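Listed below are the residues making up each chain.
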Amino acid sequence: MSASMSLPFDLGPRPHLGYTQSRIDRVAERRLDSDWLAARMADVASRIYVIGGEMIVLKKRDAVHDPDFEPDEAQALAPHTETVFLGMFDGHACFGVGILPAAAEALKARDDLVVTDLRSIAIQGLVAAEHLPPLAEAKAMLHWHARHRFCSNCGAATNMVEAGWKRSCPACKAEHFPRTDPVVIMLSVNGDKGLLGRSGRFAATMWSCLAGFVEPGEAIEDAVRRETLEEAGVRCGRVKYLYSQPWPFPMSLMIGAHAEALNENLTMDKNELVGLRWFSKDECAAMLLRKHPEGLTCPPPVAIAHHIIRSWVESDGAIF
Ligand SMILES: [Zn+2]
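Every value quoted in this text rests on a predicted model; they were computed, and no experiment measured them.

**Examining the overall build of the chain**
Move 1: The secondary structure content of the chain amounts to eight helices and 15 strands.
Move 2: Against the compact-globule benchmark of 20 Å for 320 residues, the chain has a radius of gyration of 22 Å, which places it among compact chains.
Move 3: Counting only C-alpha atoms, the chain reaches 65 × 50 × 35 Å along its principal axes.
Move 4: Relative to its full complement of 320 residues, the chain shows a buried share of 51%.
Move 5: Contacts in the chain between residues at least 24 apart in sequence constitute 66% of all its contacts with a sequence separation of at least 6.
Move 6: Just so you have it, the chain exposes about 15300 Å², and 52% of that area is on carbon and sulfur atoms.

This is the structure we're talking about:
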């Protein structure tokens, strides 16, 4: 073996992909059982997540904080906007309750609480990993309710029903269901090089996969090809699905893929990106391990981009 890094790379044990492998059993059949739901909301054994806009309320602890409140504790924090039933978590009923963002802001003054955003919680590991999927579920649901108080068909005020899993319009009888927005996120590969870009929103050293919303009437594979062509001027052939991730910012489903790049020349969309270039596997391995000589990085393991890049770096080259 040569002294240089050899292929494939061994980056150690695979980290967990954030917000996935939920332990919640959604027991959808309970959503219509209002007596049972009311009893659970009065049960001290139930677990309540409290969310105000982007902010999650946590009980301050020494190491990892506690996002679970008992119903009475949650009630005492601030008036609830909506309450959604998330499902059963280790035998306990689990709910997400919304409070006004201003109320969450006011709770920051309390010494016994930590009030911060879900991105920080996930990246810094501020709660046990098992809480991330139900927090994502609760945050996405509460965001949807906050933006869908009126009927998109007739404009009348709608009512939340089925424990938060539907809104119904009393005027025109239309039913509205919580939605999630599909986003493709992909690494285009040309020979032994992978394509990464930089958004102006990124930290100055970070490079990541290209991404974009799937549009109506579009297959996932076609969205991967269109977004890569639009943002980078690269045509793609084969597309291989890898894995998906709920991404509650505000309510997306990330769909991760590798794509076969058919040309190397780049034409960067300057409205979307501030940087675009091909990287070798050596560089990407160093970026994933945070050992790049210039300090360049890839997103952390909580993000699907980390896993998409890593699975290419660890592949033997034949990813299709
Ligand atoms: Zn209506």
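**Some thoughts on the sheet that holds strand S7 (residues 159–161)**
Move 1: Pairing is antiparallel in the open sheet, where three strands are placed in the order S7-S8-S9. With partners counted over all chains shown, the strands left at the sheet margins are S7 and strand S9 (175–176), one partner each.

**Quick word on the layout of surface pockets**
Move 1: The space that makes up the largest pocket amounts to roughly 1000 Å³.
Move 2: Lining the largest pocket are 34 residues, with Arg-119, Arg-201, Phe-202, Trp-247 and Met-254 positioned closest to its centre.
Move 3: Sorting the residues of the lining of the largest pocket by element identifies helix H4 (118–124), strand S10 (181–190), strand S11 (193–198), strand S12 (210–213), helix H6 (220–232), strand S13 (236–247), strand S14 (252–261) and helix H8 (304–313) as the ones contributing at least two each.
Move 4: Among the elements that line the lining of the largest pocket, the one with the most residues is S12, at four residues.
Move 5: Here the residues of the lining of the largest pocket sort into 22 nonpolar, six polar and six charged.
Move 6: Computed from the structure, the second largest pocket encloses a volume of approximately 380 Å³.
Move 7: In this structure, the second largest pocket is lined by 19 residues; those nearest its centre are Arg-26, Glu-137, Ala-140, Thr-180 and Pro-246.
Move 8: Mapped onto the lining of the second largest pocket, the elements with two or more residues apiece are helix H5 (132–147), S13 and S14.

**With respect to the coordination of the zinc ion**
Move 1: Bound to the zinc ion on the protein side are Cys-151 (SG), Cys-154 (SG), Cys-169 (SG) and Cys-172 (SG), at distances that span 2.2 to 2.4 Å.
Move 2: Around the zinc ion sit four donor atoms; with metal-centred angles ranging over 99 to 115°, the donor geometry is tetrahedral.
Move 3: Going along the chain, you hit the donors of the zinc ion in the pattern C-x2-C-x14-C-x2-C. In this pair, Cys-151 sits in the loop between H5 and S7 while Cys-169 sits in the loop between strand S8 (166–168) and S9, placing the two residues 18 residues apart along the sequence.

**As for the packing of aromatic side chains**
Move 1: As enumerated under the stated definition, the model contains six aromatic pairs in all.
Move 2: With centroids separated by 5.3 Å and ring planes inclined at 50°, the aromatic side chains of Phe-85 and Phe-95 adopt a geometry described as tilted. Of this pair, Phe-85 sits in strand S4 (residues 83–89) while Phe-95 sits in strand S5 (residues 92–98), placing them ten residues apart in sequence. Pair check on accessibility: Phe-85 and Phe-95 agree, each one buried.
Move 3: Seen in terms of ring centroids, Trp-247 and Phe-249 are 5.0 Å apart; in terms of plane orientation they differ by 70°. Their pairing is edge-to-face. Comparing Trp-247 with Phe-249 shows no difference in burial state: the two are buried.
Move 4: Here the guanidinium or amino end of Arg-277 rests over the ring plane of Phe-279, the centre of that ring lying 3.8 Å away.

Rules behind the numbers
Residues numbered from 1 in each chain as written. Predicted model: local features only at pLDDT ≥ 70, side-chain atom pairs only at ≥ 80, totals over all residues. Heavy atoms only, no water. Helix = DSSP H or I, 4+ residues; strand = E, 2+ residues; numbered from the N terminus. Rg over C-alpha atoms; globule rule 2.2 N^0.38 Å. Buried < 20%, exposed > 50% of the residue type's maximum accessible area, 1.4 Å probe, protein only. Contact = heavy atoms within 4.5 Å. Areas by Shrake-Rupley, 256 points an atom, 1.4 Å probe, with all protein chains shown as cover. Pairing = 2+ DSSP bridges. 1 Å grid on protein atoms, 1.4 Å probe; cavity = no way out; pocket = protein on both sides within 12 Å on 5 of 7 lines; lining within 4 Å. Points joined across faces, edges and corners; volume = space filled by probe spheres on them. Nonpolar A, V, L, I, M, F, W, Y, C, P; charged D, E, K, R; others polar. Donors = N, O, S within 2.8 Å, 3.2 Å for Na, K, Ca; no water. Tetrahedral: all angles 85-135°; square planar, octahedral: opposite > 155°, others 65-115°. Phe/Tyr/Trp six-rings, centres within 6.5 Å; stacked < 30°, edge-to-face > 60°. Lys NZ or Arg CZ within 6 Å of the ring centre and 35° of its normal.

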